[in-house]
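Survey of secondary and tertiary structure
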Amino acid sequence: MGQGKQTSSVTPLRAMSHAVSIVAIGLLVVPAAFAQQTTSQQAPASTANSRTTATQGATTYNAAPDFGDTSDAATTPANNVRDQDSDAAAGRTPTTQPDDEITGAILDEDMRRLNTREPRLDETPARKVPESISTEQTPGIPLGSFVLRPSVTQTINTETTKDGGTKKSRGFLETDMGATLTSDWSRHQLTVTSEGAWQKNISGEGEEQPSFKINGDLRLDLTRDTVGHITGGYNFYREDTDDPDAITNADQQSDVQEFTGGASIEHDFGILRGTAAVALSRSIYSDAELSNGTTVSMSDRNQTTGTVRGRIGYELSPALIPFIEASIGKTNYDERTDSSGYRRSGDSYGAKGGVQVDMGEKLKGEVAVGYATADFDDDRLKSIDTATLDASLLWSPIRGTNVNLDLQTSIQPSTAAGESGYVSHQLTSTVDHQLRDNLVATVIGGVTLRDYPSGSTINDETVYTASTGLVWNINRYLDFTSTLGYELTTRKEGDDSQQWRAGVGLKVKR
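Read on for a plain summary of the structure. Here the residue numbers are simple positions, counted from 1 along each chain's written sequence. Selection of residues for local features in this predicted model requires a pLDDT of at least 70, selection of side-chain atom pairs for listing and counting requires 80 or more, and totals for whole chains, interfaces and linings are taken over all residues. Side-chain figures throughout are based on the complete set of non-hydrogen atoms in the structure, without hydrogens or water.

Turning to the packing of aromatic side chains, a few remarks are in order. Planes of paired rings set the category: under 30 degrees apart is stacked, over 60 is edge-to-face and the rest tilted, where pairs are Phe, Tyr or Trp rings (Trp by its six-membered ring) whose centres lie within 6.5 Å. Taken as a whole and judged by the stated rule, the model has five aromatic pairs. With 6.4 Å between their ring centres and 45 degrees between their planes, phenylalanine 212 and tyrosine 234 make a pair best called tilted. Here phenylalanine 212, found in strand β5 (residues 211–221), pairs with tyrosine 234, found in strand β6 (residues 226–238); they are 22 residues apart in sequence, far enough to count as distant. The class for phenylalanine 212 is partly exposed, based on a relative accessible area of 37%. Note on tyrosine 234: relative accessible area 21%, which makes it partly exposed. The interplanar angle of 50 degrees and the centroid separation of 5.0 Å between the aromatic rings of tyrosine 234 and phenylalanine 259 together place this pair among those described as tilted. Of this pair, tyrosine 234 sits in strand β6 while phenylalanine 259 sits in strand β8 (residues 255–268), and the two are 25 residues apart along the sequence. The way it works is that DSSP assigns letters per residue, a run of H or I at least four long becomes a helix, a run of E at least two long becomes a strand, and they are numbered from the N terminus. When accessible area is computed with a 1.4 Å probe and restricted to protein chains, residues below 20% of their type maximum are described as buried, those above 50% as exposed, and intermediate ones as partly exposed.

So this is what it looks like as structure tokens:
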């Protein structure tokens, strides 16, 4: 007998599972296709809305989670996706969250991102160093388009002067006033600075020494490569008893008034920089008062001087500019001859070469060597000529410490009978150091050599000066000041002279 065909018992179950799968696929595909067809039919009428919805949806998905309620942080994005899918399937406009412009959110993009980008090295922002009280500038007083910053210092001082066998001591009050007026213009700038001192003896004896100075500088930004300056100033002071031209044993030396004015223009020719300048000065001397009550006229010292100067610099780099400079000057005295019968008017010439340095806060200034000469109308007065060494440098070795070095060589005329003048070599060094945030110490040292020509009847002199001071910034508008100074004048022949001075006071600034 042949054996009949066998049928497995699981065949009906497999057939049923295939049928169920086909029905499920149909239920999923047909509604989705129907929804896609419905959406495509509505697209022409709502293209803008669809783009807006897509943008808002992207904003919603990229929004940072709300860390205030962490229990819903993980479910909220998923719920939003399901809600929008169900709305799209039903043909409704999806509901989106309002954007930042509607809610007024001010968080920027980097704050909303969890993985913010690292900035490049060349765009890393510089760290701002907080300004200390000692270097902080006062707000000043607004005056239209200007800002005025005045200050008044009141000190009480003691002074002891010894000249040969004569010794004098005095106590005096000194009031120092200063002000800076600066324009606040978008183009050009005007700066006016002034300072003055008034003294009043309260004990002992000694000569009071008032002074006043004011200078103005108008900077004109003519073009991108051309800058002009117009300057003017006035200086009043009383001649010091140690001055070579001072009257011996006078109760009050001559009061000197100096008027200055000038103009300069600087143009950048690329790697070359050219400067042309003209300066004019006028000096007026008052009578000196003698101990017996009589006066001595000093009008024969009144003079006017004009100087023309030119400079050309070659820019090796923005920090290093070598230059050459030449100048010519003319001096005319009001009186053709002085009280001794000498014609002191004359001409002066000078030339020098050096280098200008600008390395930012660390080092800036210039150094130059050259030659200068002065001739006089009177043949009996010898010409004076000398090699010159000039320097003006500001060095900051560390933060809070500034070193200012100044070296000048100049020819100074004389009014002594038969003397044409002398060469002055002056070196001054100032060191400022910030001991604390509100405490600054200053040390000043200097030496001046007065070199008279050979055969002169006046001996060479050397003046040494040294002083120190402390400024305590009590607050932004009030300082406590203290100073201590010493000056020594030595002569090859004759008695030396020396002076001590000390004082304390308060400075009010605005």
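In this analysis, a patch consists of residues with relative accessible area above 30% that form no salt bridge, clustered at 9 Å for like charges and at 5 Å for the nonpolar side chains Val, Leu, Ile, Met, Phe, Trp and Tyr. Surface accessibility follows the Shrake-Rupley procedure with a 1.4 Å probe radius. Residue values consider only the protein chains on display as shielding. By salt bridge we mean one thing: a side-chain nitrogen of Lys or Arg within 4 Å of a carboxyl oxygen of Asp or Glu. On the surface, a cluster of nonpolar side chains totalling about 660 Å² of accessible area is made up of Ile156, Leu173, Ile202, Trp472, Ile474, Phe480, Val504 and Leu506. Every element with two or more residues in the nonpolar patch is listed here: β20 (461–475) and β22 (497–509). With respect to the helices and strands, tryptophan 472 occurs in strand β20.

Tracing the backbone shows glutamate 239 in the loop between β6 and β7 (250–252). Any N or O atom pair separated by 3.5 Å or less is treated as a polar contact, with the protein-specific requirement of one donor-capable and one acceptor-capable atom, and with residues adjacent in sequence counted only for side-chain atom pairs. At 2.9 Å, the side chain of glutamate 239 forms a polar contact with the side chain of arginine 301. Here, residues are in contact when the closest pair of their heavy atoms is within 4.5 Å. Once you skip the residues sitting within four places of it in the chain, glutamate 239 turns out to touch Asp245, Ala246, Gln253, Ser254, Tyr285 and Arg301.

Further remarks concern the sheet that holds strand β11 (residues 295–296). Pairing is antiparallel across the open sheet formed by three strands, whose spatial order is β7-β10-β11. Sheet topology places β7 and β11 at the edges, where each strand pairs with a single neighbour. A pair of strands counts as paired when DSSP detects no fewer than two bridges linking them. Sheet topology note: the β7/strand β10 (residues 288–290) ladder contains two bridges and is antiparallel. The partner of alanine 250 across the bridge, within β10, is leucine 290.

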